[in-house]
Amino acid sequence: FACINHSTEGDFQKFSIQRHRDNKVFNLELDLTGNYQVHNILTAIAVIDLLHQETPLTISLRALTEGMRTVASGTALQGRWQKLGDKPLTICDTGHNAHGIAYVADQLKATPHRELYCVIGFVRDKDLAHILPLLPRDAHYIFTQAHSERALPAAELTAKAAIYGLRGEAVEEVTAAVARAKELAAPEDMIFIGGSTYVVAEAL
């Protein structure tokens with residue numbers, strides 16, 4: 001399978017996925033707007049195709065298309081490149097390992113904005129040496145910590161981030177950190193909230 005066409009329209013992404021063995025094209029809509037979802041769609045459709053070919057289990061094209069179109073609304077899934085507001089555009093994402101952060105960083109670069117404000121926090125056991133270098137250096141960071149015993153203290157995160165050229169301030173409470181970002185950001189700016197699932201959960 002390969003994605004041969006991709007566009008975003010409002011709160012939906014549209015994909016044209018081509019199956020290699022017969023060149024059949026599947027047109028799918030997805031109500032999740034993270035660009036990285038194309039990888040998830042290709043994996044999901046390949047698994048569905050394999051099940052159809054190799055097992056008695058068959059998932060209809062109708063079920064596939066309807067399921068993709070209503071992933072967020074049908075499952076109450078939150079925090080996957082989820083828009084929380086406009087002017088400033090405010091996005092949260094629960095990508096919390098190097099792989100997920102790399103996708104998030106790519107989409108941050110591709111999203112039009114003037115200034116970028118990032119509210120981020122991590123748990124203590126994350127390998128920040130592989131995560132922090134992936135984050136944009138031109139953003140203003142508000143380092144925070146969730147209400148969890150696993151949370152890395154905001155002041156400690158601020159010091160570690162400075163090693164990688166990430167500058168900003170520490171605000172210990174997530175809600176206060178989000179409020180600080182909103183205070184600093186102009187309507188044409190962008191606010192990103194992430195780093196840890198705990199941080200996103202508290203922001204939501």
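Residues numbered from 1 in each chain as written. Predicted model: local features only at pLDDT ≥ 70, side-chain atom pairs only at ≥ 80, totals over all residues. Heavy atoms only, no water.

## As for the side chain of D49
At step 1: Tracing the sequence through the fold places D49 in helix 1 (residues 37-54).
At step 2: Overall, D49 belongs to the buried group, its relative accessible area being 12%.
At step 3: Ignoring anything within four residues of it in the chain, the contact list for D49 reads F1, R19 and R21. (Helix = DSSP H or I, 4+ residues; strand = E, 2+ residues; numbered from the N terminus. Buried < 20%, exposed > 50% of the residue type's maximum accessible area, 1.4 Å probe, protein only. Contact = heavy atoms within 4.5 Å.)

## What to know about the pairing of strand 2 (residues 12-18)
When a strand is regular, its side chains alternate between the sheet's two faces.
At step 1: As paired strands, strand 1 (residues 2-9) and strand 2 are joined by seven bridges and run antiparallel to one another. Its bridge partner lying in strand 2, T8 is registered against Q13.
At step 2: Linking strand 1 back to strand 2 in an antiparallel pair, the connection comprises two residues, with G10 at a positive phi of about 65°.
At step 3: Sheet analysis places strand 2 next to strand 3 (residues 25-30), joined by six bridges and oriented antiparallel. If you follow I17 over to strand 3, its bridge partner there is F26. (Pairing = 2+ DSSP bridges.)

## A look at the pattern of salt bridges
At step 1: Applying the stated criterion across every chain yields a total of 14 salt bridges.
At step 2: With its nearest N and O atoms 3.1 Å apart, the salt bridge here joins R114 to E188. Highlighted residues: R114 in the loop between helix 4 (98-110) and strand 6 (116-120) and E188 in the loop between helix 7 (174-184) and strand 9 (190-194), separated in sequence by 74 residues.
At step 3: Judged by relative accessible area, E188 falls into the partly exposed class, the value being 41%.
At step 4: Note that K160 is salt-bridged to E156, the shortest N-O span being 3.8 Å. (Salt bridge = Lys/Arg side-chain N within 4 Å of Asp/Glu carboxyl O.)

## What to know about the nonpolar core
Most often, soluble globular proteins have nonpolar side chains that are buried together.
At step 1: Of all hydrophobic cores here, the largest spans 23 residues; its most connected members are W81, L132, Y141 and F192.
At step 2: At the level of secondary structure, the elements contributing two or more residues to this core comprise helix 4, strand 6, helix 5 (128-131), strand 7 (140-143), helix 6 (154-163) and strand 9.
At step 3: By size, the runner-up hydrophobic cluster in this structure holds 15 residues, among which are V174, A181, I191 and V200. (Core = buried A, V, L, I, M, F, W, Y, C linked by side-chain atoms within 4.5 Å.)

## So, unusual backbone geometry
At step 1: In this structure, the amide linkage connecting K87 to the following residue, P88, adopts the cis form with an omega of 5°.
At step 2: Counting through the fold element by element, P88 comes out in the loop between strand 4 (82-85) and strand 5 (89-92).
At step 3: Its identity is not glycine, yet K87 carries a phi of approximately 50°, on the positive side.
At step 4: If you trace the backbone, K87 turns up in the loop between strand 4 and strand 5.
At step 5: Residue classification places K87 among the exposed residues on the basis of a relative accessible area of 69%.

## Some words on the sheet that holds strand 8 (residues 167-170)
At step 1: On the basis of which strands lie adjacent, the open sheet formed by six strands has the order 4-5-9-6-7-8 and mixed pairing. Of all strands in the sheet, those with a lone pairing partner are strand 4 and strand 8, marking the two edges. Ignoring which end each strand starts from, the neighbouring axes of this sheet average 25° apart.
At step 2: Sheet topology note: the strand 4/strand 5 ladder contains three bridges and is antiparallel. Considered in strand 5, the bridge of K83 is made with I91. (Axes fitted to C-alpha atoms, helices over the stretch in contact; angles between N-to-C directions.)

## Let's talk about the environment of F143
At step 1: Its location among the elements puts F143 in strand 7.
At step 2: Remark: the alpha-carbon pair of F143 and E115, spanning 28 residues in sequence, is separated by 17 Å.
At step 3: For F143, the contacting residues outside a window of four places in its chain are I120, A154, L157, T158, A161, L166, R167, G168, E169, A170 and V171.

## Overview of the sheet that holds strand 2
At step 1: Judged by pairing direction, the sheet is antiparallel, and its three strands sit side by side in the order 1-2-3 without closing on themselves. Unpaired on one side and paired on the other, strand 1 and strand 3 mark the two borders of the sheet. Averaged over all adjacent pairs, the angle separating strand axes in this sheet is 15°, with direction ignored.
At step 2: Strands in contact with helix 1 are strand 1, strand 2 and strand 3; relative to strand 2, the strand with the most contacts, it is inclined by about 45°.
At step 3: Against the sheet, helix 2 (residues 61-69) touches strand 2 and strand 3, its axis set at about 30° to strand 3.

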